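Fold and contact review
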Amino acid sequence: MSAMPLADLRAVVGDAHVLDDADAAAGYLTDWTGRWTGRADAVIRPRTTEEMAAVVSACAAAGIAICVQGGNTGLVGGSVPPVGGDPADRPLVLVTTTRMTDIDGVDTIGRCVGVQAGATIDAIDRRAAESGLRFPVDLASRESATAGGLVATNAGGIRMIRHGNTRSQVLGVEAVLADGRILRRWTSLVKDNVGYDLPGLLAGSEGTLAVITRVLFRLVATPGDTIVSVAAVHHVADAIGFLGSLTDRGLNIEAAEIMTEAGITLVEEYGPRRPVAARAPFYVLVETSGTGDVEAVVLEALESAPVADAVLEPGPARALWAAREQHTESIARSSATPVVKLDVSVPIRALPEALAELEAVAGMVDHPCRPILFGHIGDGNIHVNLLDVPEDRVDELTAHVFGIVAANGGSISAEHGIGRAKTAWTHLGRGEVDRAAMRAVKDAFDPAGLFNPGVLFG
Ligand SMILES: Cc1cc2nc3c(=O)[nH]c(=O)nc-3n(C[C@H](O)[C@H](O)[C@H](O)COP(=O)(O)OP(=O)(O)OC[C@H]3O[C@@H](n4cnc5c(N)ncnc54)[C@H](O)[C@@H]3O)c2cc1C
């Protein structure tokens, strides 16, 4: 290992884009949740794939570890370096795609668009809309979350029930490998079975295999008229039944979200109004599309469903969505300590029991904490948020939550990834052989372990 080649890195990206001053770098070193703050020797901001390749190449030659960051909205600590810097005691730089925001023109026949890794969901969707199309991934973090981050985490989000996860939207990628070479799989072909699906492998790799620099994304048709309904229900099973009755009537589910009375009450404190007047333990928000009179069909389904109260509005119905979309921010503002965020999934049939058991977790430790649960009900995905948890109780509560999830046949990471937060629990989701195979893939791509040390493998 040689000394930090700052002069070489400055020559590649320009003086203004090598931040080795603690104040200038600070904003990049704490994650969105505030729970993770790391240490890096410098923050590097390349503008192009070639600059990124030159930075990685210089770091590889000098044995310098590299933490990869996009919009820094990840919720599992993977976008910032370890607290004490590199665990192997090497110098460490953080590379950010913040300047890599180019978006190509839309290919309207192939229905796809090429983007640089730092382009945000919002910007990509606006570009797609200029051609009457839609970017099929959407998250409440849309103004900051980037193409590279979406692919690296294989993000799900509110449109997953309709279009699938981010991996399903990736037609091609360009990425910088650990030795600085550029891997390019770039084709709008939907049928192309020449060997391993490397873009699919990079999806969900959390910055541990390569730095994604460009992505070729599939685009989809906009759904036309939509109806957004929010129903207050007494039982989770009633919400699931309501969804089933909508699909039985031939409607498309564009999004389906579940919230609890505790979550709606909390969000109301920070602005968004209650979506429905009646109070009930659960609220289900459903966006539907279809042919014919969608509103009449939704009304018919609501009349025959056991709902306590309901409202509906033509999409986009931003005021109805606000109550759901403000959950993450309101929870972060309300908690006295960094929120313990555990994104899990269970089979849909297990949702009623799992939600009840997860609510009860707060009472399992001798320090009071507040649970707020919400999530993407159509995917069996629950975001478990535990507020006011003292640091020394985090692992105990996490173990309780994951125990419930495993007992219900679920996954300890539905859509946020493993990051630094969940490395101790991957054995609950993957067997020994499976974990060894993942390790072998990591070692093949990144033999010196330069990329994102401590992420995914601990
Ligand atoms: C309000 C809010 C709502 C959210 N809602 C959802 C949701 O509904 N569904 C969901 O899935 N997530 C959600 N998230 C989490 C987050 O937005 C996603 O995980 C998102 O994909 C992260 O993108 P990012 O650009 O911010 O990545 P970052 O946070 O910067 O990084 C996340 C991971 O990806 C890696 N990475 C980033 N860029 C690259 C790159 N170019 N090449 C290689 N690796 C890279 C990082 O090293 C890190 O491991 C939400 C977050 C917030 C704050």
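What you see is a predicted model, and the numbers here were worked out from it, not measured in a lab. Every chain's residues receive numbers from 1 upward, in the order its sequence appears when written. Per-residue local features of the predicted model are confined to residues with pLDDT of at least 70, and side-chain atom pairs are confined, for both listing and counting, to 80 or more; whole-chain, interface and lining totals are unaffected and use all residues. For the side-chain quantities, the full set of heavy atoms in the structure was used; hydrogens and water were omitted.

Let us now look at unusual backbone geometry. Put simply, Gly315 and Pro316 share a cis peptide bond, and its omega is 10°. The secondary structure listing takes helices from DSSP runs of H or I that are at least 4 residues long and strands from runs of E that are at least 2 residues long, numbered from the N terminus. Here Pro316 lies in the loop between β14 (309–314) and α11 (318–325). We note that Asn72 has phi near 60°; this positive angle belongs to a residue other than glycine. You can see Asn72 is positioned in the loop between β3 (65–69) and β4 (92–96). Burial status follows relative accessibility: with a 1.4 Å probe on protein chains alone, a residue under 20% of its type maximum counts as buried, one over 50% as exposed, and anything between as partly exposed. Take Asn72: its relative accessible area is 12%, and that puts it in the buried class. Of note, Asn154 is a non-glycine position whose phi angle comes to about 50°, a positive value.

UniProt positions are given in the numbering used here, feature names are shortened, and annotations may be inferred rather than shown by experiment. When the UniProt feature table is mapped onto this chain, "domain: FAD-binding PCMH-type" (unreviewed entry) is found at residues 36–222. As annotated, residues 36–222 comprises 21% helix and 22% strand, and the C-alpha atoms at either end are separated by 38 Å.

How far each domain reaches was decided by an automatic or database domain assignment. Split by domain assignment, the chain resolves into domain 1 (6–96), domain 2 (112–221), domain 3 (226–325) and domain 4 (335–433). Centre-to-centre separation of domain 1 and domain 3, based on C-alpha positions: 42 Å.

What follows deals with the site of the ligand. Here a residue counts as near a molecule or strand whenever at least one of its heavy atoms sits within 4 Å of it. Every one of the 36 residues lining the ligand counts as a neighbour, but Val68, Gly70, Thr73, Gly74 and Thr146 are closest to it. For this analysis, a polar contact is any N or O atom pair within 3.5 Å, provided that within protein one partner can donate a hydrogen and the other can accept it, and provided that sequence-adjacent residues contribute only side-chain to side-chain pairs. Take Gly70: an N or O atom from its main chain is 2.7 Å from an oxygen atom of the ligand. One of the backbone N or O atoms of Gly71 is found 2.8 Å from an oxygen atom in the ligand. When the free accessible area of the ligand is taken as 970 Å², the share hidden by the protein chains comes to 97%. Mapped onto the shell around the ligand, the elements with two or more residues apiece are β3, α5 (147–153) and β9 (211–218). Top element by residues in the shell around the ligand is α5. It accounts for 5 residues. Across the shell around the ligand, the residue classes break down as 13 nonpolar, 21 polar and 2 charged. For accessible areas, the Shrake-Rupley method is used with a probe of radius 1.4 Å. Any residue's cover is judged against the shown protein chains and nothing else. Polar here means any residue other than Ala, Val, Leu, Ile, Met, Phe, Trp, Tyr, Cys and Pro, which are nonpolar, and Asp, Glu, Lys and Arg, which are charged; Gly is therefore polar.

This next bit is on the packing of aromatic side chains. Here a pair means two rings of Phe, Tyr or Trp (six-membered ring of Trp) with centres within 6.5 Å. Their orientation is stacked below 30 degrees between planes, edge-to-face above 60, and tilted elsewhere. One pass over the structure, following the stated rule, counts 2 aromatic pairs. Between Phe402 and Trp425, the ring centres sit 5.4 Å apart and the planes meet at 75°, which makes this aromatic pair edge-to-face. Residue Phe402 is located in helix α14 (residues 394–407), and its partner Trp425 is located in the loop between α14 and α15 (432–445); the two are separated by 23 residues in the primary sequence. With relative accessibility at 0%, the residue Phe402 sits in the buried group. Directly above the aromatic system of Phe457 lies the positively charged group of Arg439, at a separation of 4.6 Å from the ring centroid. When the NZ atom of lysine or the CZ atom of arginine is within 6 Å of a ring's centre and also within 35 degrees of its normal, the charge is said to sit over that ring.

Before going further, it helps to spend a moment on the pairing of strand β15 (residues 340–345). With 6 of 6 residues buried, β15 is to be regarded as a mostly interior element. Of the two faces of β15, the one holding Val340, Leu342 and Val344 and the one holding Lys341, Asp343 and Ser345 are both buried throughout. Only strands that DSSP links by at least two bridges are regarded as paired with each other. Here β15 pairs with strand β17 (residues 381–387) via 6 bridges, running antiparallel. Pairing of Ser345 across the sheet is with Asn381, part of β17.

Moving on to the side chain of Asn408. Its location among the elements puts Asn408 in the loop between α14 and α15. Working rule for contacts: check all heavy atoms of both residues, and any pair within 4.5 Å makes them a contact. Setting aside residues up to four positions removed in sequence, Asn408 forms contacts with Val346, Pro347, Ala350, Ala354 and Glu357.

Pairing is antiparallel in the open sheet, where 4 strands are placed in the order β5-β9-β7-β8. Strands at the two margins of the open sheet, each flanked by one partner only, are β5 (112–116) and β8 (182–185). On average, each strand axis in the sheet is tilted by 15° relative to the strand beside it, whichever way the strands run. Inspection of the sheet shows strand β7 (residues 170–176) paired to β8 by 4 bridges, in the antiparallel sense. Across the sheet, Val176 pairs through a bridge with Ile182, a residue of β8. Axis definition: a line fit to C-alpha positions, over the contact stretch in the case of helices; interaxial angles, taken between N-to-C directions, run 0 to 180 degrees.

Right, let's talk about the sheet that holds strand β1 (residues 18–19) for a bit. If you walk across this open sheet you meet the 4 strands as β1-β2-β4-β3, and the pairing is mixed. Of all strands in the sheet, those bounded by a partner on one side alone are β1 and β3. In this structure, strand β2 (residues 42–44) lies alongside β4, joined through 3 bridges in parallel fashion. Bridging across to β4, Ile44 finds its partner in Val95. Here helix α3 (residues 49–62) sits on the sheet and contacts β2, β3 and β4; the angle it forms with β4, its principal contact strand, is near 170°.

Take the pattern of salt bridges next. Where side chains of opposite charge bring their charged atoms close, a pairing between them can arise. By definition, a salt bridge exists where a carboxyl oxygen of Asp or Glu is found within 4 Å of a side-chain nitrogen of Lys or Arg. Counting across every chain of the model gives 24 salt bridges. Between Asp138 and Arg142 there is a salt bridge; the shortest N-O distance is 2.8 Å. In this structure, Arg370 engages Asp388 in a salt bridge whose closest nitrogen and oxygen atoms are separated by 2.9 Å. On the criterion of sequence distance, the pair formed by Arg370 in strand β16 (residues 370–376) and Asp388 in the loop between β17 and α14 is long-range, its members being 18 residues apart. For Arg370, a relative accessible area of 32% gives the class partly exposed. Through salt bridges with shared partners, a single network forms among Glu261, Glu268, Arg274 and Arg279.

Among the nonpolar cores identified, the biggest contains 51 residues, and Phe242, Leu246, Ile377, Ile382, Val384, Leu386 and Val401 are the most heavily contacted of them. Split by domain, this core shows at least three residues from each of two domains, domain 3 (226–325) and domain 4 (335–433). As used here, the term nonpolar core means buried Ala, Val, Leu, Ile, Met, Phe, Trp, Tyr and Cys residues forming a set that is joined through side-chain atoms within 4.5 Å.

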